[in-house]
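Structural features, examined
If you want the building blocks of each chain, they are given just below.
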Amino acid sequence: MKPTGMDLEAVLARHGRAPHRLVQILREIQVQQLWLSRDTLSAVARELGLSLAHVEGVAGFYRFFHGQPVGQYRVLFSDNITDRMLGSGDLMHELCHLLKVESNTMRADGRVSVATTSCTGMCDQGPAALINQHQLVTRLTPGRIEHMAALIEAQVPAHQWPVAWSRVDDQIRLADVKLGPQPAPGQGIAAALARGPQGMLDDIKRSKLRGRGGAGYATGTKWQLCRNARADTRYVVCNADEGEPGTFKDRVLLSSYADTVFEGMTIAALVVGARQGLVYLRGEYRYLLDALEATLARRRQQGLLGASIQGRAGFDFDIEIHVGAGAYVCGEESALIESLEGKRGTPRIRPPFPVESGYLGQPTTVNNVETFSAVTHIAVQGGAWWAGIGTAQSTGTKIHSVSGDCARPGLYEYPFGTRIGRILEDCGARDTQAVQVGGPSGVCLSALEFGRRIGFEDVPTAGAFMVFDRSRDMFDVAHNFAHFFAHESCGFCTPCRVGTELVLRRMDKLKRGYGSGEDVQVLYELDKLMHGTTHCGLGAAACNPLRDTIAKFRPAYEQHLKSLHFAPGFDMDAELSQARLATGRDDSGAHLETLA
Ligand SMILES: Cc1cc2nc3c(=O)[nH]c(=O)nc-3n(C[C@H](O)[C@H](O)[C@H](O)COP(=O)(O)O)c2cc1C
Ligand code: SF4
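Definitions and cut-offs
- Residues numbered from 1 in each chain as written.
- Chains lettered and ligands numbered in written order.
- Predicted model: local features only at pLDDT ≥ 70, side-chain atom pairs only at ≥ 80, totals over all residues.
- Heavy atoms only, no water.
- Core = buried A, V, L, I, M, F, W, Y, C linked by side-chain atoms within 4.5 Å.
- Buried < 20%, exposed > 50% of the residue type's maximum accessible area, 1.4 Å probe, protein only.
- Helix = DSSP H or I, 4+ residues; strand = E, 2+ residues; numbered from the N terminus.
- Contact = heavy atoms within 4.5 Å.
- Expected span 1.5 Å × (residues − 1).
- Pairing = 2+ DSSP bridges.
- Salt bridge = Lys/Arg side-chain N within 4 Å of Asp/Glu carboxyl O.
- Phe/Tyr/Trp six-rings, centres within 6.5 Å; stacked < 30°, edge-to-face > 60°.
- Lys NZ or Arg CZ within 6 Å of the ring centre and 35° of its normal.
- Axes fitted to C-alpha atoms, helices over the stretch in contact; angles between N-to-C directions.
- Domains from an automatic or database assignment.
- Buried area = accessible area lost by both parts, 1.4 Å probe.
- Near = heavy atom within 4 Å.
- Polar contact = N/O pair within 3.5 Å; in protein donor to acceptor, adjacent residues only side chain to side chain.
- Areas by Shrake-Rupley, 256 points an atom, 1.4 Å probe, with all protein chains shown as cover.
- Nonpolar A, V, L, I, M, F, W, Y, C, P; charged D, E, K, R; others polar.

By size, the foremost hydrophobic cluster in this structure holds 135 residues, and its most contacted members are Leu 26, Tyr 62 and Met 507. Broken down by element, this core gets its largest block of residues, ten residues, from helix 11 (residues 258-272). Residues in contact with Tyr 62, not counting those within four places in the same chain, are Val 23, Tyr 280, Ala 325, Gly 326, Ala 327, Cys 330, Ser 339, Lys 343, Arg 344 and Gly 345.

As structure tokens, this is what we get:
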């Protein structure tokens, strides 16, 4: 389909015809056109002065961009293991049956296509689906599926479907600092201005705040490096990609506590000397965009964004929001910056790190949504107060996105140092076999380890807490995660591109019941091969669930093996203890003494 001159001109004008806005431009055109034809891409390339190969390369990278028609209705079922446990597979099958369409294929009349997508961040209220990439449907039931099929056949636009279907609840079960009462808008900025940029930086260091995006890098050090980098222009970027399956805390912070997050970004700008901030909002959370824009507009009116913030001459800062287009790897900070610059989300070679050369080549601090929320509370209450919460190396609180086999899924905020077992008790989990902490990239804990504690000293986490009771097959869990990594590998480096695919093929073989001990052995060898050879953290973590589940839930694998035959010289038990050593974990809870 050719874009009308009007469509294209309006979109290009809105983005100042800037080539680095390419991802946003393509996203907006696709909302109107439903797919991106070669004519469309040629027109965009011509107007932006880019080569067609570049524009096609970018369009081809993101899962939510389509180079072929996908139908008037595109239904994507969230494929996280927790959605599966809630019956998403059967529901998708039923919808395909009712609509007489094969999955992953557009119906001949061009009406509809049905497929899966990686976790949509609705694990506490699944099974969920995404309609036309911007409308979520939560709590799917057979009744809703039947009704949905009828609405699609009647060509009722998705925005006219029952409002209740798109209801997304916060489900805050336990609140501490970040989910409790919030400072009034501007209170954190006033406190930061009173201290001055250096004083505020000193206080962030005093708080010992560590980033909540996963790696746990010291926020004060990161800001200091950005502040000290030689440049006239600096940027503050909020990482709201939240693509790790099982994680949905940033969704709630953005939907109900956006002021606190934007305020944290503004304080960061004061410290590092930035005049522009960017929020990278994952495509699945597009439904939050209007409310977030309204909050930004109100903050501008309140003098909390824009020129001379709170009357301080020279303190100018504003925030804009970029919406992603379905690529988990774009949560990695350098890939995220590439995407912000309108390119494929391929992680950069580092050094230089973003604090030296980030967005548009300028020093950039990238921080997680929850990190910025913490900053505002620290500005108001002081670094020493924050350092007094949690443990020696993990100060403050952490929000957990709890889902899976428990009576009360939702958000739980605890000081660092909390026992896994305590979280299980609070969420009403029974007969628990395993917990996957930190998502597929994190660690899978068996019941022997429920005495371990959340914290960088013991069990680090970006926030996902998925619970599996004894009825679950842990092989299926690892199989789902293997599928996730193979699907999300960006393909840039061979060990990850090929390795994740080979892992998936072996797991598929085991699933079909054709596997032997040798396949398990090959999986081990792939894990070793990929470890330390991949370009970014996605490939490095891709075998974590595999290694954990083989080591801790071996019978789950054995029941899928046709034979237990291993190649000569392969000692499974030695490999298992090696794996435990390699991950720095054992089942004894020996790390506990490091925590207060
Ligand atoms: C594959 C991959 C995906 C990531 N996804 C996210 C994400 O969705 N959100 C996030 O904040 N950090 C994510 N990270 C970590 C970021 O690269 C970065 O460390 C983080 O945004 C820094 O913020 P912090 O210092 O506040 O933790 C990811 C890292 C990798 C390797
Ligand atoms: S490790 Fe995987 S995701 Fe990361 S750059 Fe290599 S191929 Fe891409």
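A few words now on helix 7 (residues 142-153). Compared with the 16 Å implied by 1.5 Å per residue over twelve residues, the 17 Å span of helix 7 between its first and last C-alpha is a close match. Lining the buried residues of helix 7 we find strand 1 (73-78), helix 6 (88-99), strand 2 (112-117), strand 3 (129-131) and strand 4 (135-137). Positive backbone phi, at 55 degrees, marks Gln 155, one or two positions downstream of helix 7.

Turning next to the pairing of strand 6 (residues 235-240). Counting buried positions over the six residues of strand 6 gives six, a clear majority of the element. Here strand 6 shows no split at all, with Tyr 235, Val 237 and Asn 239 on one side and Val 236, Cys 238 and Ala 240 on the other all buried. Inspection of the sheet shows strand 6 paired to strand 7 (residues 276-281) by six bridges, in the parallel sense. Bridged to Ala 240 within strand 7 is Leu 281. Sheet topology places strand 6 next to strand 9 (residues 364-368); five bridges connect them, and they run parallel. When the sheet's bridge partners are listed, Cys 238 is paired in strand 9 with Asn 367.

Along the chain, Asn 544 falls in helix 21 (residues 544-552). By relative accessible area, which is 13% here, Asn 544 ends up buried. Along the primary structure Asn 544 and Gly 67 are separated by 477 residues, whereas in three dimensions their C-alpha atoms are 34 Å apart. Once residues lying within four places of it in the same chain are set aside, the contact partners of Asn 544 are Pro 440, Ser 441 and Gly 442.

Below, the discussion takes up the pattern of salt bridges. Per the stated rule, a full pass over the model turns up 44 salt bridges. Linking Arg 107 and Glu 153 is a salt bridge whose minimum nitrogen-to-oxygen distance equals 2.8 Å. On the criterion of sequence distance, the pair formed by Arg 107 in the loop between helix 6 and strand 2 and Glu 153 in helix 7 is long-range, its members being 46 residues apart. You can call Arg 107 buried: its relative accessible area is 13%. Judged by its relative accessible area of 36%, Glu 153 falls in the partly exposed class. Three or more residues joined by partner-sharing salt bridges are found here, namely Lys 178, Lys 249, Asp 250, Glu 370 and Lys 398.

This paragraph deals with the packing of aromatic side chains. Inspection of every chain in the model, using the stated rule, returns eleven aromatic pairs. Judged by centre distance (4.9 Å) and plane angle (75 degrees), the rings of Phe 61 and Tyr 62 are edge-to-face. Ring centres 4.8 Å apart and planes at 65 degrees place the aromatic pair Tyr 328 and Phe 484 in the edge-to-face group. You can see Tyr 328 sitting in the loop between strand 8 (318-323) and helix 13 (333-340) and its partner Phe 484 sitting in helix 17 (residues 474-488), a full 156 residues away along the chain. For Phe 484, a relative accessible area of 6% puts it in the buried group. Through a chain of ring-to-ring contacts, the aromatic side chains of Phe 61, Tyr 62 and Phe 65 assemble into a single cluster. Here the guanidinium or amino end of Arg 210 rests over the ring plane of Phe 456, the centre of that ring lying 4.0 Å away. Residue placement shows Arg 282 over the ring face of Tyr 285; its charged tip is 5.2 Å from the ring centre.

Read across the open sheet, the six strands follow the order 5-11-10-14-12-13; overall the sheet is mixed. The strands lining the two open edges of the sheet, one partner per strand, are strand 5 (172-174) and strand 13 (443-446). Shown here is a sheet whose adjacent strand axes are inclined to one another by a mean of 30 degrees, direction ignored. Where strand 12 (residues 432-437) lies against strand 13, four bridges are found, and the strand directions are antiparallel. Paired with Ala 434 across the bridge in strand 13 is Ser 446. Running over the sheet, helix 10 (residues 249-256) touches strand 5, strand 10 (397-404) and strand 11 (410-415) and is turned about 115 degrees from strand 10.

Here we take up the domain arrangement of the protein chain. According to the domain assignment, the protein chain consists of domain 1 (5-59), domain 2 (73-169), domain 3 (174-387), domain 4 (397-472) and domain 5 (475-563). Measuring from the centre of the C-alpha atoms in domain 2 to the corresponding centre in domain 5 gives 29 Å. The contact between domain 2 and domain 5 buries some 450 Å² in all, and 51% of this surface belongs to carbon and sulfur atoms. Broken down residue by residue, the surface that domain 2 buries against domain 5 is led by Asp 79, Ile 81 and Ser 118, which jointly contribute 81%. There are zero salt bridges connecting domain 2 and domain 5.

What follows covers the sheet that holds strand 2. The sheet built from four strands is open, its strands ordered 2-1-3-4 with mixed pairing. The outermost strands of the open sheet, each flanked by one partner alone, are strand 2 and strand 4. Between one strand axis and the next, the sheet turns by 25 degrees as a mean value, whatever way the strands run. Examined bridge by bridge, strand 3 and strand 4 share three bridges and lie antiparallel to one another. Its bridge partner being in strand 4, Leu 130 is matched across the sheet by Leu 136.

In this section: the site of ligand 1. Around ligand 1, 18 residues are found, and the nearest of them are Gly 213, Lys 222, Asn 239, Asn 368 and Thr 371. The contact in question runs from an oxygen atom of ligand 1 to an N or O atom on the backbone of Gly 213, over 2.7 Å. Gly 243 is positioned such that a nitrogen or oxygen atom in its backbone is 3.4 Å from an oxygen atom of ligand 1. Protein burial of ligand 1: of its 610 Å² of free accessible surface, 88% is covered by the chains. Counting only elements with at least two residues in the shell around ligand 1, the list comes to strand 9 and helix 20 (537-541). Of the residues forming the shell around ligand 1, the biggest block, three residues, is contributed by strand 9. Looking at the shell around ligand 1 residue by residue, the classes come out as three nonpolar, nine polar and six charged.

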